Structure formats: C-alpha cells, structure tokens
Amino acid sequence: MGSSDILPILSGDGDSEQTPINFAPSAVGERVSSERAYIEQRFGIEGQDWTEQMHYTSMQLHSVWALQLAKGDLVRVYFDTKGTIYED
C-alpha cells in the first residue's frame with residue numbers, strides 16, 4: 001500500500017464521534033497511513049494547508065486527529081478503529 005493509498009471506506013464522514021470513517025479491516029499501520037492519506041486528500045498538504053495538533057486513540061474505539069487549518073480553523077477528524085487487526 002503506497003503512502004497516498006486509502007483503504008476502502010465502508011461508512012462515515014469523519015465529522016463527529018457519531019459518524020467516524022470506518023475503513024475496511026486492516027492492520028494498524030495500514031489504517032494510520034490511510035487516515036493520514038484521507039486527511040491530506042481532504043485538507044491538503046501538511047505543513048502548508050494544515051498542521052497536526054494532536055492524534056490519539058480513544059478507548060480503542062476512535063482515532064481522532066485534531067488539525068489546525070491554515071485559515072485558522074481547528075477541526076477534528078474521527079476514524080473508527082474497531083476493524084483494526086492487532087498483530088502480536
């Protein structure tokens with residue numbers, strides 16, 4: 001999977017905890033790469049159009065990215081993590 005590839009999105013728009021983006025089941029690394037690629041596709045180039053303020057996983061249910069957009073807005077993007085495959 002390339003750095004700009006995004007796993008298939010099964011549901012959600014990522015705008016709230018109630019509508020997180022739900023990717024097809026994947027390993028942790030693939031999911032996080034897809035999260036970043038989705039954000040770059042939606043908001044533009046990191047460091048130019050947006051900066052990451054925080055990225056955390058909430059109770060293994062959501063991955064949340066807090067972004068500061070270049071125009072000053074602070075936004076959060078929510079991803080569902082229940083389909084994540086954790087390898088030992």
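Above this text sits the structure in question.
Predicted, not measured: the structure shown is a model, and the values here were computed from it.

Turning to the overall build of the protein, a few remarks are in order. Looking only at helices and strands, the protein features one helix and seven strands. Reading the protein from its N terminus to its C terminus gives the helix and strand order β-β-β-α-β-β-β-β. For a compact globule of 88 residues, the expected C-alpha radius of gyration is about 12 Å, and the protein comes in at 12 Å, within 12% of that figure. With respect to the three principal axes, the spread of C-alpha positions in the protein is 40 × 30 × 25 Å. Sorting the 88 residues of the protein into buried and exposed places 34% on the buried side. Summed over its atoms, the accessible surface of the protein is roughly 5,200 Å², and 49% of this surface lies on carbon and sulfur atoms. Taken together, the 6 basic and 14 acidic charged side chains of the protein have centroids lying 6 Å from each other.

In this section: empty space enclosed by the protein. Throughout the structure, instances matching the rule amount to one cavity of 30 Å³ or more. In this structure, the largest cavity occupies an estimated 40 Å³ of space. Forming the boundary of the largest cavity are Asn22, Phe23, Ala24, Pro25, Ser26, Arg31, Asp80, Gly83 and Thr84.

Turning next to the pattern of salt bridges. What the rule picks out here adds up to six salt bridges. When the shortest N-O distance is used, the salt bridge between Arg36 and Glu52 registers 3.1 Å. Remark: Glu52 occurs in strand 4 (residues 50-58) and Arg36 occurs in helix 1 (residues 28-43); sequence separation between them is 16 residues. On the basis of relative accessible area, Arg36 is assigned to the partly exposed category, the value being 27%. The class for Glu52 is partly exposed, based on a relative accessible area of 32%.

What follows deals with the nonpolar core. Counting twelve residues, the largest nonpolar core is built from Leu7, Ile21, Phe23, Tyr38, Ile39, Phe43, Trp50, Trp65, Leu67, Leu69, Val77 and Phe79. The set of elements that each furnish at least two residues to this core consists of helix 1, strand 5 (62-69) and strand 6 (74-80).

Here Ala66 shows up in strand 5. With near-sequence residues (within four places) excluded, Ala66 lies in contact with Thr51, Glu52, Gln53, Met54, Val75 and Arg76.

As a further point, take the side chain of Glu35. Here Glu35 lies in helix 1. Given the relative accessible area of 0%, Glu35 is considered buried. Engagement of the side chain of Glu35 in a polar contact is seen with the side chain of Trp65, the distance being 2.7 Å. Those residues within four positions of Glu35 in sequence are excluded, and the remaining contacts are Phe23, His55, Ser63, Trp65 and Phe79.

Reading guide: rules and limits
- Each chain carries its own residue numbering, running from 1 in the written order of its sequence.
- Owing to the predicted nature of the model, reporting of local features is limited to residues with pLDDT of at least 70; listing and counting of side-chain atom pairs is limited to 80 or more, with chain, interface and lining totals taken over all residues.
- Hydrogen atoms and water are omitted, and side-chain values are computed over all heavy atoms in the structure.
- Comment: elements are numbered from the N terminus, with helices defined as DSSP H or I runs of at least four residues and strands as E runs of at least two.
- Here the globule rule reads 2.2 Å times residues to the power 0.38, and the radius of gyration is calculated from C-alpha atoms.
- We call a residue buried when its accessible area falls under 20% of the maximum for its residue type, exposed when it is over 50%, and partly exposed in between, using a 1.4 Å probe and counting protein chains only.
- Here the accessible surface of atoms and residues is derived via Shrake-Rupley with a 1.4 Å probe, and residues count as covered only by protein chains that are part of the display.
- The convention is simple: Lys and Arg are positive, Asp and Glu are negative, and His and the chain ends are not counted.
- A charged residue contributes its charge at one atom only: NZ of Lys, CZ of Arg, CG of Asp or CD of Glu.
- The rule is simple: put a 1 Å grid over the protein atoms alone, call a set of points where a 1.4 Å probe fits but cannot get out a cavity, call an open set with protein on both sides within 12 Å along at least five of seven lines a pocket, and count a residue as lining if it has an atom within 4 Å of a point.
- Grid points are joined across faces, edges and corners, and a volume is the space filled by probe spheres set on the points.
- Throughout this description, the term salt bridge denotes a Lys or Arg side-chain nitrogen within 4 Å of a carboxyl oxygen of Asp or Glu.
- Definition of nonpolar core: a set of buried residues of the types Ala, Val, Leu, Ile, Met, Phe, Trp, Tyr and Cys, connected through side-chain atoms within 4.5 Å.
- We call two residues in contact whenever any of their non-hydrogen atoms come within 4.5 Å of each other.
- Two N or O atoms form a polar contact when they lie within 3.5 Å of each other; inside protein one atom must be a possible hydrogen donor and the other a possible acceptor, and for residues adjacent in sequence the pair counts only when both atoms belong to side chains.

Remember, this is a structural readout, not a statement about activity or role.
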